[in-house]
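# Structural description and commentary
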Amino acid sequence: MQYIDVSAQYPPGTNVDESKVPPYVLPDPLLMSNGKKVKDTNEWSTIQRPYIYHLFEENVYGRYPTQPVTIHFKIRESSNNALNGIATRKQVRIYLHPTDTTVFTDVLIYLPNSIKTPAPIFLSLNFNGNQAVNKDPAILPSQNETQISKPLDSTRGTDPYWQIEGAITHGYGVATAYYGDFEPDNKDGWKTGIRTTLKDVLKIEPEEWSALGAWAWGMSRIMDYLQQDAMVDSKRVVLMGHSRLGKASLWAGASDARFAIVISNESGEGGAALSKRWFGETVKQINDQFPHWFVAAYKKYNDHTDSLPVDQHMLLALIAPRPLYIASAADDLWSDPKGEFLSAVNAGKVYALFRKKGLGTDTMPPVNHPVGNTIRYHIRSGKHAVTLYDWQQYLSFADMQWK
Ligand code: GTR
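The rules behind these values
- Residues numbered from 1 in each chain as written.
- Predicted model: local features only at pLDDT ≥ 70, side-chain atom pairs only at ≥ 80, totals over all residues.
- Heavy atoms only, no water.
- Helix = DSSP H or I, 4+ residues; strand = E, 2+ residues; numbered from the N terminus.
- Rg over C-alpha atoms; globule rule 2.2 N^0.38 Å.
- Buried < 20%, exposed > 50% of the residue type's maximum accessible area, 1.4 Å probe, protein only.
- Contact = heavy atoms within 4.5 Å.
- Near = heavy atom within 4 Å.
- Polar contact = N/O pair within 3.5 Å; in protein donor to acceptor, adjacent residues only side chain to side chain.
- Areas by Shrake-Rupley, 256 points an atom, 1.4 Å probe, with all protein chains shown as cover.
- Salt bridge = Lys/Arg side-chain N within 4 Å of Asp/Glu carboxyl O.
- Expected span 1.5 Å × (residues − 1).
- Bend = angle between axes of the 7 residues up to and from the residue.
- Core = buried A, V, L, I, M, F, W, Y, C linked by side-chain atoms within 4.5 Å.
- Axes fitted to C-alpha atoms, helices over the stretch in contact; angles between N-to-C directions.
- Left-handed = near helix turned anticlockwise from the far one by under 90°.
- Nonpolar A, V, L, I, M, F, W, Y, C, P; charged D, E, K, R; others polar.
- Phe/Tyr/Trp six-rings, centres within 6.5 Å; stacked < 30°, edge-to-face > 60°.
- Parallel < 35°, antiparallel > 145°, perpendicular 65-115°, else oblique.
- Pairing = 2+ DSSP bridges.

### With respect to the overall build of the chain
- Each helix and strand counted, the chain has 11 helices and 10 strands in total.
- The globule rule puts the C-alpha radius of gyration for 403 residues at 22 Å, and the 20 Å found for the chain is close to it.
- The C-alpha extent of the chain, read off along each of the three principal axes, is 55 × 50 × 45 Å.
- Within the chain, the proportion of its 403 residues that are buried is 59%.

### Some thoughts on the environment of glycine 339
- Inspection of the secondary structure assignment puts glycine 339 in helix 10 (residues 337-353).
- Owing to a relative accessible area of 0%, glycine 339 belongs among the buried residues under this scheme.
- Between the alpha carbons of glycine 339 and tyrosine 172 there is a distance of 31 Å; along the sequence they are 167 residues apart.
- Sequence-distant contacts of glycine 339, defined by excluding residues within four places in its chain, comprise Ala272, Ala273, Leu274 and Arg277.

### So, the site of the ligand
- Close contacts around the ligand come from 11 residues, with Ser243, Arg244, Lys247, Glu281 and Trp334 the closest.
- Contact between the ligand and serine 243: an oxygen atom at 2.6 Å from a side-chain N or O atom of the residue.
- Residue lysine 247 places a side-chain N or O atom 2.8 Å away from an oxygen atom belonging to the ligand.
- Contact with the protein chains covers 97% of the free accessible surface of the ligand, which is 320 Å².

### Details of the pattern of salt bridges
- By the definition in use, this model includes 25 salt bridges.
- Residues aspartate 17 and lysine 20 are paired through a salt bridge, measuring 3.3 Å at the closest nitrogen-oxygen approach.
- Ionic pairing is found between arginine 89 and glutamate 77, a salt bridge with its closest N-O pair at 2.6 Å. Residue arginine 89 is located in strand 2 (residues 87-95), and its partner glutamate 77 is located in strand 1 (residues 72-82); the two are separated by 12 residues in the primary sequence. The same class applies to arginine 89 and to glutamate 77, which are both buried.
- Salt bridges sharing partners connect three or more residues here, namely Glu18, Arg277, Asp336 and Lys338.

### Some remarks on helix 1 (residues 41-61)
- Spanning 21 residues, helix 1 covers only 25 Å between terminal C-alpha atoms, well under the ideal 30 Å at 1.5 Å per step.
- Of all the bends found along helix 1, the most pronounced is centred on glutamine 48 and spans about 40 degrees, while proline 50, a proline, follows it within four residues.
- All buried positions along helix 1 are accounted for by Glu43, Trp44, Gln48, Ile52, Tyr53, Leu55, Phe56, Glu57, Asn59, Val60 and Tyr61.
- For helix 1, the secondary structure elements touched by its buried residues are helix 6 (211-228), helix 7 (244-255), helix 9 (312-317) and helix 10.
- Once helix 1 finishes, glycine 62 follows within two positions and takes phi at roughly 85 degrees, a positive value.

### A short note on the nonpolar core
- Grouped together as the largest cluster of nonpolar side chains are 118 residues, with contacts concentrated most on Phe56, Trp215 and Leu226.
- Excluding residues that lie within four positions of it along the chain, phenylalanine 56 makes contacts with Tyr61, Gly62, Trp251, Val310, Asp311, Gln312, Met314, Leu315 and Leu318.

### Here we look at the packing of helix 1 against helix 7
- Closest axis-to-axis distance for the helix 1/helix 7 pair is 11 Å, and the angle between their directions is 145 degrees. For helix 1 against helix 7, the interelement crossing comes out left-handed. Taken together, the residues of helix 7 that come into contact with helix 1 (itself represented by Arg49, Tyr53, Phe56, Glu57 and Tyr61) are Trp251, Ala254 and Ser255.
- Grouping the constituent residues of the contact of helix 1 with helix 7 by class yields five nonpolar, one polar and two charged.

### Things to note about the packing of aromatic side chains
- For the structure on display, the rule yields 21 aromatic pairs.
- Where tyrosine 10 meets tryptophan 334, the ring centres are 6.5 Å apart and the plane angle is 20 degrees; that geometry is what we call stacked. Separated by 324 residues along the polypeptide, tyrosine 10 in the segment before helix 1 and tryptophan 334 in the loop between strand 8 (324-329) and helix 10 bring together distant segments of the chain.
- A relative accessible area of 12% means that tryptophan 334 is categorised as buried.
- Both rings, one in tyrosine 64 and one in tryptophan 251, keep their centres 6.2 Å apart while their planes meet at 80 degrees; by these two values the pair is edge-to-face. Of the two residues, tyrosine 64 is situated in the loop between helix 1 and strand 1 and tryptophan 251 in helix 7; the sequence distance between them amounts to 187 residues.

### Topic: the packing of helix 6 against helix 7
- Contact geometry for helix 6 and helix 7: axes closest at 8 Å, N-to-C directions at 60 degrees. As judged from the angle between their axes, helix 6 and helix 7 are oblique. Classified by chirality, the crossing of helix 7 by helix 6 is right-handed. Note on element contacts: helix 7 touches helix 6 through Arg244, Leu245, Lys247, Ala248, Ser249, Trp251 and Ala252, opposite Leu212, Gly213, Trp215, Ala216 and Met219.
- Along the lines of polarity and charge, the residues of the contact of helix 6 with helix 7 split into eight nonpolar, two polar and two charged.

### Structural notes on the sheet that holds strand 4 (residues 119-123)
- On the basis of which strands lie adjacent, the open sheet formed by 10 strands has the order 1-2-3-5-4-6-7-8-10-9 and mixed pairing. Of all strands in the sheet, those bounded by a partner on one side alone are strand 1 and strand 9 (371-372).
- Bridge count for strand 8 against strand 10 (residues 375-380) is six bridges, and the pairing is parallel. Bridging from a neighbouring strand, serine 328 pairs with isoleucine 379 of strand 10.
- Contacts between helix 6 and the sheet are confined to strand 1, strand 2, strand 3 (104-112), strand 4, strand 5 (173-177) and strand 6 (232-242), with strand 6 contributing the most and set at about 155 degrees to the helix.
- Sheet strands in contact with helix 7 are strand 6, strand 7 (261-265) and strand 8, and its direction is about 140 degrees off that of strand 6.

Dropping the structure here:
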């Protein structure tokens, strides 16, 4: 995975000084193209929501394929005595193409043995292959890997973002798959990823969508599997993503209403952070460094974020009325914590239409003090990462909704 080492030096064109943020105007998510304000949830759901969703498809992420696909799957391995007996492990290969068996994703699932009814579950793609998310020696390595060059045994359990035992003890399952199963994360990744291999099945050209779109769509296919697994409560799937996968999770959450809760962990530019606010990473920087993440039309806004017809608070609003957690980290200025907070604030008026309480404040909370109800936000101390603190907040947020 390619990173900018933002701790060393911010690239030219970056502002990280709050006093230098120029004024900007956010589009009102409730203002319809006929000049009238959305008056109720019916107008939102039938007119304004599809209109805004389409603007995101056209200008940011590309089309989300809606062509029905028949996935089939094979349980490659399972054990009801995983992680020292607290979990059941399943390793499932989902074939994404009706006939070509080389197009698949490998999903690793842990479910809590303490729960005798279908369990709620966190779904989150991983960056380094399934074998990296836990030291469990039975994890089958992700095979589609083109970027993991290290020998398997040196990557096993090395991804620090996971708290699988913690989630299991808390009564939640965890499902994950390697994001590169859908599209390798580089500018030529589309050539070997699903934007090419599923082009005819999905009836969509590669340039009509994006890498973020492919990862998001992949999340929906894992959801298709979870709906068929009797041990999973598919009405309680929490979709969580970090950073670039946080961006993809928000897009998947906006595109697929089956995800009951959506969590963005430090998704930053093109995720939860406002694009029109000049702070941290910019649209130009992200398009220059990761041209494959977004649709070509997004590049028009490189130096003209003022003319973007949407901003990211509208993406968050597309998830309403479902519970949404936006999280930032204090040392992660590149992701613009305040821009993420303001995005959550401004999505609130759509949640209010549904009589759901959003953040309940427009004042940024201090570090490590989560705020909000159906929309919740925290800025924790520390760097760009997924930490134990983050997982604890997400688990109790899910509890808040369901217990
Ligand atoms: C950075 C990128 C961010 C963020 C991050 C990540 O290099 O500029 O937008 O997505 O990578 O995914 O870790």
